[in-house]
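Structural overview for review
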Amino acid sequence: MNNTHPAIITAREVHKWYGNFHALKGINMEVSKGEVIVIFGPSGSGKSTFIRTINRLEEHQRGEILVDGIELTHDVRNIETVRTETGMVFQQFNLFPHLTVMQNITLAPIQVRNWKKQQAEETALQLLKRVGIPEQANKFPGQLSGGQQQRVAIARALAMQPKIMLFDEPTSALDPEMIKEVLDVMVELAKSGMTMIVVTHEMGFARAVANRMFFFDQGQIVESGSPEEIFKAPKEERTKLFLSQILSH
Amino acid sequence: MQNPETILPPITERSGILRWLRHNLFNTWSDAILTVVSASLIYWLVKSLLTWAITVAEWDVVVANLRLFMIGQFPLEQVGRLWVALAFLVFLTGNSLAIWDRKSYLAAILILGLPVFLIFLPFAPQTRIWLGVLAAAGILGWGLGYSAPQSIKRSVAIGWLIALPIFVLLTRGFTPAVEDVPSTALTIVPTNLWGGLLLTFLLTVVANIFSFPLGLLLALGRRSELPIIRWFSIGYIELVRGVPLITILFMAQLMLPLFVPGGIDIDRVLRAMVGMTLFSAAYLAENVRGGLQAIPKGQFEAAHALGLSGAKTMYFIILPQALRLIIPILVGQFISMFKDTALVAIVGLFDLLGIARTVLSQPEFIGLHREVYAFVSLFYWTLSYAMSYISQRLETSLGLGVR
Ligand SMILES: Nc1ncnc2c1ncn2[C@@H]1O[C@H](COP(=O)(O)OP(=O)(O)OP(=O)(O)O)[C@@H](O)[C@H]1O
Ligand SMILES: [Mg+2]
C-alpha cells in the first residue's frame, strides 16, 4: 500500500443488517488518494452493499466510515457533502429518461454546485468528448445504445468533479461488443489519477489498472492484495476456486 | 422463380369491405347469428329514437331556454363580458393548436370552425356577431401561433396561467351594483345569477386547478418520513375517498359556515367549489401516488448519488416523470369531475342540470322531461367526448404517457 498519501476512504469494522440478515460482517478498508480498488466475489457476497455504504445509499449500523475526513452519520449535510465529492456509476445506468444527455450531465452542477448554465454546458461538452460521444449531447437516453448510455452516466458523475468514483458492475448489463468502449473510458480515468472503487469481474481491467483487489464472500473480505498476488498466488481456497470459475469463462 | 409480387390473394380477400365483413362479422356461424341479432336490435333502437326525436319530441323547450342552459340568469346587458372571456380562451386554443399540434389541420378546422358553423344557425343578430368575434379570435390565434411558434410559446403558456383569473374576473365584474344607477360594463354579477354551462364549466375548472397542488402535497405527504404529516395525509385521503361527493357537497353547504368566524357569509357557489376541490384532491393524491410508485428506485439513487437533496430530487427527477406517466389518468379525472358537477343541482345550484330542473318547473314546459334530459345528456356527452378527443391528440403529439 502506498503510505505516502493519507487515506481518502476509511472503513472500520463496518456491519450492515437487512432485518435479521447480516450482509456486511466487519469490513475494514483504507483507500489512499489515487488508488484503484477492484472488488470481486460471488453473487450476494455484499459487494454492492459495501460500495453503496460509502455514499450512504445504504446505511451501516456499526463501525465507522470516513470519506475525505467526513464521517458518515445521520447528519444530512455530511451525507450530501460526501455525495457531491463521490461519483457513482450503476449497473443499470440510471440515466434520467426525461432529460437530454446534456441536461442529465448539467443538472447536478447547476443545482448542487450552483454553476452557471453556460459553464456547466461547456464542461459537459468536454466530458462528452472525453468519453467519446460529443455528438449525442441533445439526444435522450432512450435513443442511445447501452455502451453510450453508460458513458453518459460516467460523464454525469464526473461533471460534479468528484474526488472519488464508485462503479458497481458498470459493464454487466452491456452486450460484449460495448464492454470495451466503457472499460477504455475507465482505464483512461484510472490513469488520470482518479481514486476509484470498482466492483467488477472484468479481470483484464483489474490486471491493467488495479492497485489492490479485495475478494468478498458472505459479507466478509476473504483476501486482498495486488493483482500480482491475487492472480499468481491466492492464499485462500475460496479465492482460488472463485478465480478458476470466472477465468475459465 | 416466380416474382412473389404477382401472386394475388383470393378474390374474397381482396376487397377491403368484403374482407372486413367476413373477418369481423361473419367468421363463424355463431358470429353471423350474433351479427344479425345485434344489427336488428340496433336498427330497432335507432329507429324508435329517431322517430321520437323527429315526430313526437317538442324541441321548442330547448330552443326557448337555450340562453338559460348556457349562462343561467346572467343579466343580458352584461353578456358581452362572457363573450370576451370566451374569445380569449378560443384565441389561446388557436395558439396552442398551431404550436403544439401543427400537423393536424383537422382538429384546428373542427374546433375553430365550430363558431363559423354556428353563425349560420338562426340565432339572434347579437349572438351571431359575437360568434363572428369568436371565429376571428380563433383564426387570429391560430395564424399567430403558426407563423411564430417559438417566439410566442412563452406568452401562450402565461396566457393559459392567467386565463382562469381573467375568466372569473370578467364573469364576476368589479364595481358594486348601486340602485338607481345604470350598471356599467363591469358591474358585479352575484354568483346566484351564474348558471347553466357557465357554472358547470367554472366549477369543473376551479375544482380541478385547485385540487392539483393540494393533491400533490397530499401524495408527497403520504410518503413523508414525518409520522404526523404521513398520518394526516393518509387520514384525509381515506376519509374523503370513503364518502360520496354529494355528502361532501351537503356538508360544504351546511357545515362550512360553522368553521368560519361569524358574520362572514361564504358564497354558495364558493362553498360548492371548496367541496369539490377537497374531494378531487384526495383522488388526485392517489393517482399521483400511483405515478410515484411507478418510478424505479434507481432514479432516486442516481439523483441522491449526485448530491441532489430530497426536495430537488422530487422536483427535477421524480415528479416530472411521474406526472407525465399519469396525464391520461388526470384527464380522465378532469372529465369525470366535469360530469360530477351535476350533483350541485341537488344542493340547489343552477348548473346545467339545475337549470334543466328549473326549466321543467315552468308551467308552459311541464311534462317535457324527455326532451330536456335528452338534450342535457347529449350536451354532456359531446363536451366530454370532445375533451377526451383533444387530450388524446395532445398526448400523442407530445409523446406523453409513455416512458
Ligand atoms: N434491500 C435489501 N433487503 C434485504 N436484503 C438485501 C437487500 N439488498 C441486498 N440484500 C441481500 O444482501 C446480500 C448482499 O447483497 P449485494 O447486493 O450486496 O450482493 P452483491 O455482492 O452485490 O451481489 P451481485 O453480484 O449479485 O450484485 C444478498 O444476500 C442480498 O440478498
Ligand atoms: Mg451487486
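Note that this is a predicted model, so its numbers are computed, not measured.

**Focus: the overall build of chain A**
Assigned secondary structure in chain A consists of 9 helices and 10 strands. Compactness check: chain A gives a C-alpha radius of gyration of 18 Å against a globular reference of 18 Å for 249 residues, within 12% of the reference. C-alpha atoms of chain A, sized along the principal axes, occupy 55 × 45 × 40 Å. Of all intrachain contacts in chain A linking residues separated by at least 6 positions in sequence, the fraction that spans at least 24 positions is 65%. A total of about 11100 Å² of accessible surface is found on chain A, and carbon and sulfur atoms cover 47% of it.

**Let's talk about the domain arrangement of chain B**
Residues and elements named next belong to chain B. Per the domain assignment, the segments of chain B are domain 1 (76–189) and domain 2 (196–403). Relative placement of domain 1 and domain 2: their C-alpha centres are 25 Å apart. With 11 residues of domain 1 at the interface, the matching set in domain 2 holds 11 residues. Of the roughly 890 Å² buried where domain 1 meets domain 2, counting both sides, 84% is carbon and sulfur surface. Where domain 1 meets domain 2, there are 0 salt bridges. At the junction of domain 1 and domain 2, the tally comes to 0 residue pairs in polar contact (both at pLDDT 80 or more). Those elements that place two or more of their residues in the side of domain 1 that touches domain 2 are α6 (79–100), α7 (105–119) and α9 (149–172). Here the side of domain 1 that touches domain 2 gets 4 residues from one element, more than from any other, and that element is α9. Grouping the amino acids of the side of domain 1 that touches domain 2 by side-chain chemistry returns 8 nonpolar, 2 polar and 1 charged.

**Notes on the sheet that holds strand β5 (residues 70–71) of chain A**
All names here are of chain A. Spatial strand order, β2-β1-β4-β5: 4 strands in an open sheet with antiparallel pairing. Two strands in the sheet have a free side with no partner beyond their single neighbour: β2 (21–32) and β5. In this sheet, β5 lies alongside strand β4 (residues 62–67) in antiparallel orientation, the contact comprising 2 bridges. Looking at β5, one finds that Val 67 is bridged to Ile 70. Here helix α1 (residues 47–54) sits on the sheet and contacts β1 (7–18), β2 and β4; the angle it forms with β2, its principal contact strand, is near 55°.

**Things to note about the pairing of strand β9 (residues 212–217) of chain A**
Residue and element names in this part refer to chain A. Of all 6 residues that make up β9, 6 are buried, and the element is covered over most of its length. Side chains Arg 212, Phe 214 and Phe 216 project from β9 onto one buried face, and the interleaved Met 213, Phe 215 and Asp 217 project onto a second face that is buried too. When strand β3 (residues 36–40) meets β9, the two strands line up parallel, connected through 4 bridges. Across the sheet, Phe 40 pairs through a bridge with Phe 215, a residue of β9. Pairing of β9 with strand β10 (residues 220–225) involves 5 bridges; the strand directions are antiparallel. Residue Phe 214 lies in a different strand from β10, and its bridge partner there is Ser 224. Remark: 2 residues form the turn of the hairpin made by β9 and β10, two consecutive strands paired antiparallel; Gln 218 in that turn has positive phi of roughly 50°.

What counts as what
- Residues numbered from 1 in each chain as written.
- Chains lettered and ligands numbered in written order.
- Predicted model: local features only at pLDDT ≥ 70, side-chain atom pairs only at ≥ 80, totals over all residues.
- Heavy atoms only, no water.
- Helix = DSSP H or I, 4+ residues; strand = E, 2+ residues; numbered from the N terminus.
- Rg over C-alpha atoms; globule rule 2.2 N^0.38 Å.
- Contact = heavy atoms within 4.5 Å.
- Areas by Shrake-Rupley, 256 points an atom, 1.4 Å probe, with all protein chains shown as cover.
- Domains from an automatic or database assignment.
- Buried area = accessible area lost by both parts, 1.4 Å probe.
- Salt bridge = Lys/Arg side-chain N within 4 Å of Asp/Glu carboxyl O.
- Polar contact = N/O pair within 3.5 Å; in protein donor to acceptor, adjacent residues only side chain to side chain.
- Nonpolar A, V, L, I, M, F, W, Y, C, P; charged D, E, K, R; others polar.
- Pairing = 2+ DSSP bridges.
- Axes fitted to C-alpha atoms, helices over the stretch in contact; angles between N-to-C directions.
- Buried < 20%, exposed > 50% of the residue type's maximum accessible area, 1.4 Å probe, protein only.

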